[in-house]
Amino acid sequence: MKPGRRSGPGRARRAPGAVAAMAARRAALALLLGLSLCACDSLAPRYERPQFEDWRERPFAHDPGAAAGALASAGAQEQLAAAPGPAAQGGAAAQGGAGAVPAGQSAARLDLARWWTRLGDPELEALVAEAFARNPDALALAERVEAARAEAAVARGGRWPTIGLDLNATRSRVELDNGNAYASITSPGASISWQADLFGELRSAARAATARFAASERQQRALLHSLAAEVVRARADLSTLERRLRLARQVLASRSQTEETVARRFEAGVPGVAAVDVFLARENRLAAEAALPALERARDERALALERLLGRPAGSGPAAPELAELPPPPAPAAGLPAALLDGRPDLQAAELNAIAANHQVGVALARLYPDLTLSGQASRGINAAGGAFQIEGWVAAATAGLSTTLFSGGALRAASKAEQARARQALQEYSALVLNAFVEVESALIAERRLAEQLERVTAQAAAARAAETAARGRYERGLESLLVLLDTQRRRAQAEDLAAGLTGEAWSARIDLILAVGGEWLPPAASDEPQAQP
């Protein structure tokens, strides 16, 4: 006989049926544990990023340096070509852990942070900061990001066990021959439940929610940069309108001087000066005066639009803020690589939404297969009767449930097909946005080049018109030229200078369009964080 083993009447013998039941329970538990350990990661298909024929490695067709075939910085080009975009880094989120967030956050990628601080205007930074802090649209989107963050946390929490505590108390009265007796029963207990997620439904749902949260962050960045662009655009428009107003007042002063000269010559009886000349000079001056209210109205309306962007009540500030005139926009670098589009937050958001839709396919496919839920409960009772306490033993139970849908009229398979169609739709929408981004960049580059050419010619035209006016005025005062020639040169000068001022504003607008189209500044960013709306 082995030591430590008891035999004989003092040792309870188990019935054969109890031994078989225990063995069956152990086998079932081992099977369920093996199933949970062998559960697949996810049924979601592998995400494939659309290919655009190596577009990231080439410059844009209308790039300033495309004709010469020179790049601004070969080192920067190599870094950009090697930098992973949202999908390249999104492989972890598409196939890996739920906490991975795909985004082109490589240090090699040229970022778009705070590009407005490098436009040569010190007042822009304060205006943009105020817009970020007070603009209702920016603040609302910041709250939407927080909601998406919480939803992602909820989805990730579904993968963990649920643990609960409960406490039940009962007070009862029992009538006896010698009186009433009272008894109290208190039953503390605990429970735990966990879904084994055999086919990755919860994992896919968590990854989809995480991708949607990351997409909401990129959408917030896109809105903030669009908001900054609108502030810069309004600032440039105000500067342009102020310049046009200043030129219009100079024209008015010049024409008023001409009117005085003509009137003086007419009153002096200079030969060749008639009353019609006086009326023509007056009409010329009145036309210059009539142009002022339209420019002032446009300036005041643009100032109100800027106040709206800054989150100020309309009319809370001056009609038109006294801002310094903007310097000419800096020229874009030659050799802008198409890889800059990886930095556009709206394209990143679209790709992240496509990745989220891809994970939703895994959720729908997992619902076609069984679910395994493991749960356990434990409780004990504490009885109090007649001043005596009795603590009962623990009562514990463990449950394993395997459930599946045998028939649903094809609803589950139809739902999986719908999710697959939505995933393909999201991918095509992302592809369309990328192609549209190319059009936006090329259009902005064309506008840059043509506006620069036009502005150069109009600037020369304005200089020639000023010289012609000066010569015509001198000849008229000496009696060598007619008044009509002088008035014509004045009109030509006014038109050329106003057109040059307007083209300068259009050049700023085209520069802002180019900055947004390529996803931000093409120069290495200053040491600063991404813009964030203040809560």
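The numbers attached to residues start from 1 for each chain and follow its sequence in the written order. Per-residue local features are limited, in this predicted model, to residues with pLDDT of at least 70; the limit for side-chain atom pairs, both in listing and counting, is 80 or more; totals at the level of whole chains, interfaces and linings are taken over all residues. Side-chain numbers here rest on the full set of heavy atoms in the structure, without hydrogens or water.

Draft legend 1. Up close: the overall build of the protein. Strands are runs of DSSP state E lasting at least two residues, helices are runs of H or I lasting at least four, and both sets are numbered from the N terminus onward. The helix and strand tally for the protein stands at 10 helices and 6 strands. Only protein chains enter the accessibility calculation, which uses a 1.4 Å probe; a residue whose area is less than 20% of its type maximum is buried, one above 50% is exposed, and one in between is partly exposed. The proportion of buried residues among the 535 residues of the protein is 39%. In the protein, the share of contacts with a sequence separation of at least 24, taken over all contacts with a separation of at least 6, comes to 81%. Two residues form a contact once any of their heavy atoms are found within 4.5 Å.

Draft legend 2. Structural context of the packing of aromatic side chains. Put simply, two rings from Phe, Tyr or Trp (the six-membered ring, in Trp's case) pair if the centres are within 6.5 Å, and we call them stacked under 30 degrees between planes, edge-to-face over 60, tilted for the rest. If you walk through the whole model with that rule in mind, you get 3 aromatic pairs. With a centroid separation of 5.6 Å and an interplanar angle of 85°, the aromatic rings of tryptophan 116 and phenylalanine 132 are classed as edge-to-face. Here tryptophan 116 is found in the loop between helix H3 (86–95) and helix H4 (122–134), whereas its partner phenylalanine 132 is found in helix H4, with 16 residues between them in sequence. The two residues tryptophan 116 and phenylalanine 132 agree in class, both being buried. Put simply, the rings of Trp115, Trp116 and Phe132 touch in pairs and so form one group of aromatic residues. In this analysis the charged atom, NZ for Lys or CZ for Arg, is taken to sit over a ring once it is within 6 Å of the ring centre and within 35 degrees of the ring normal. Taking the ring centre of tyrosine 476 as reference, the NZ or CZ of arginine 265 above it sits at 4.8 Å.

Draft legend 3. Representation of helix H7 (residues 275–309) in the model. Taking 1.5 Å per residue as the helical rise, H7 with its 35 residues ought to reach 51 Å, and the 53 Å between its terminal C-alpha atoms agrees with that figure. Count one or two residues on from H7 and you reach glycine 311, which has phi positive near 75°. What a helix is expected to span follows from its residue count: subtract one and scale by 1.5 Å.

Draft legend 4. Up close: the pattern of salt bridges. Think of a salt bridge as a Lys or Arg side-chain nitrogen and an Asp or Glu carboxyl oxygen that are within 4 Å of each other. Here the structure, examined in full by the defined rule, presents 29 salt bridges. Across the pair glutamate 448 and arginine 511 runs a salt bridge, and its minimum N-O distance is 2.5 Å. Taken together, the residues span a long stretch of sequence, with glutamate 448 in helix H9 (residues 411–477) and arginine 511 in helix H10 (residues 483–517) at a distance of 63 residues. On the basis of relative accessibility, which here comes to 13%, the residue glutamate 448 falls in the buried class. Classification of arginine 511 by relative accessible area gives buried; the value is 3%.

Draft legend 5. Summary view of the environment of arginine 473. The topology assignment puts arginine 473 in helix H9. Along the chain, arginine 473 and leucine 486 lie 13 residues apart, while their C-alpha atoms are 6.0 Å from each other. Once you skip the residues sitting within four places of it in the chain, arginine 473 turns out to touch Ser254, Gln257, Thr258, Leu486 and Gln490.

Draft legend 6. Up close: unusual backbone geometry. One non-glycine residue, aspartate 197, lies in positive phi territory at about 55°. Tracing the sequence through the fold places aspartate 197 in the loop between strand E2 (179–195) and helix H6 (201–267). Looking at aspartate 197, the relative accessible area reads 7%, which means it is buried.

Draft legend 7. How the structure looks around the packing of H6 against H10. Fitting a line to C-alpha atoms yields each axis, with helices limited to the stretch in contact; the angle taken between N-to-C directions then spans 0 to 180 degrees. Two numbers describe how H6 lies on H10: the axes approach to 9 Å, and their chain directions differ by 175°. With respect to their mutual orientation, H6 and H10 come out roughly antiparallel. Classifying every residue of the contact of H6 with H10 by side-chain character gives 14 nonpolar, 10 polar and 8 charged. Oblique is the label for any angle not covered by the other classes, which are roughly parallel (under 35 degrees), roughly antiparallel (over 145) and roughly perpendicular (65 to 115). Classification convention: Asp, Glu, Lys, Arg as charged; Ala, Val, Leu, Ile, Met, Phe, Trp, Tyr, Cys, Pro as nonpolar; all other residues, Gly among them, as polar.

Draft legend 8. Up close: the packing of helix H5 (residues 136–157) against H6. One can describe the packing of H5 onto H6 by two numbers: an axis separation of 8 Å at closest approach and a directional angle of 170°. The pairing of H5 with H6 is recorded here as roughly antiparallel in orientation. Here Asp137, Ala138, Leu141, Ala142, Val145, Ala148, Arg149, Glu151, Ala152, Ala155 and Arg156 of H5 lie close against H6, whose contacting residues are Ala205, Ala206, Ala209, Thr210, Phe213, Ser216, Glu217, Gln219, Gln220, Leu223, Leu224 and Leu227. The residue inventory of the contact of H5 with H6, partitioned by class, reads 14 nonpolar, 4 polar and 5 charged.

Draft legend 9. Summary view of the environment of arginine 424. By the secondary structure assignment, arginine 424 is in helix H9. By relative accessible area, which is 52% here, arginine 424 ends up exposed.

Draft legend 10. Spotlight on the environment of alanine 378. Tracing the backbone shows alanine 378 in strand E3 (residues 371–379). In the structure, alanine 378 is positioned 16 residues away from tryptophan 394 in sequence and 6.7 Å away in space, judged by C-alpha atoms. Setting aside its immediate chain neighbours within four residues, alanine 378 contacts Pro188, Gly189, Ala190, Trp394, Val395 and Ala396.

Draft legend 11. Structural view of helix H8 (residues 345–366). Relative to the 32 Å expected for 22 residues at 1.5 Å per residue, H8 spans 32 Å between its end C-alpha atoms, a close match to the ideal helical length. The element H8 is extensively covered by neighbouring structure, given that 20 of its 22 residues are classed as buried.

Draft legend 12. Main features of the side chain of serine 204. Position of serine 204 among the secondary structure elements: in helix H6. Given a relative accessible area of 0%, serine 204 falls into the buried group. Setting aside chain neighbours within four positions, we find serine 204 in contact with Ser42, Ala44, His359, Gly362 and Val363.

Draft legend 13. Spatial organisation of the confidence of the model for the protein. Of the residues in the protein, 70% have a pLDDT of 70 or more, and the chain-wide mean is 76. Considering each helix and strand of the protein separately, the mean pLDDT is smallest for helix H2 (residues 74–82), with a value of 33, and largest for H8, with 92. pLDDT gives the predictor's per-residue confidence on a scale running from 0 to 100. Here residues 1–12 is modelled with pLDDT under 50, and outside its nearest four sequence neighbours on either side it reaches 3 contacts, counting other chains as well. pLDDT under 50 marks residues 523–535. Its contacts with residues more than four places away, or in other chains, come to 30 contacts.

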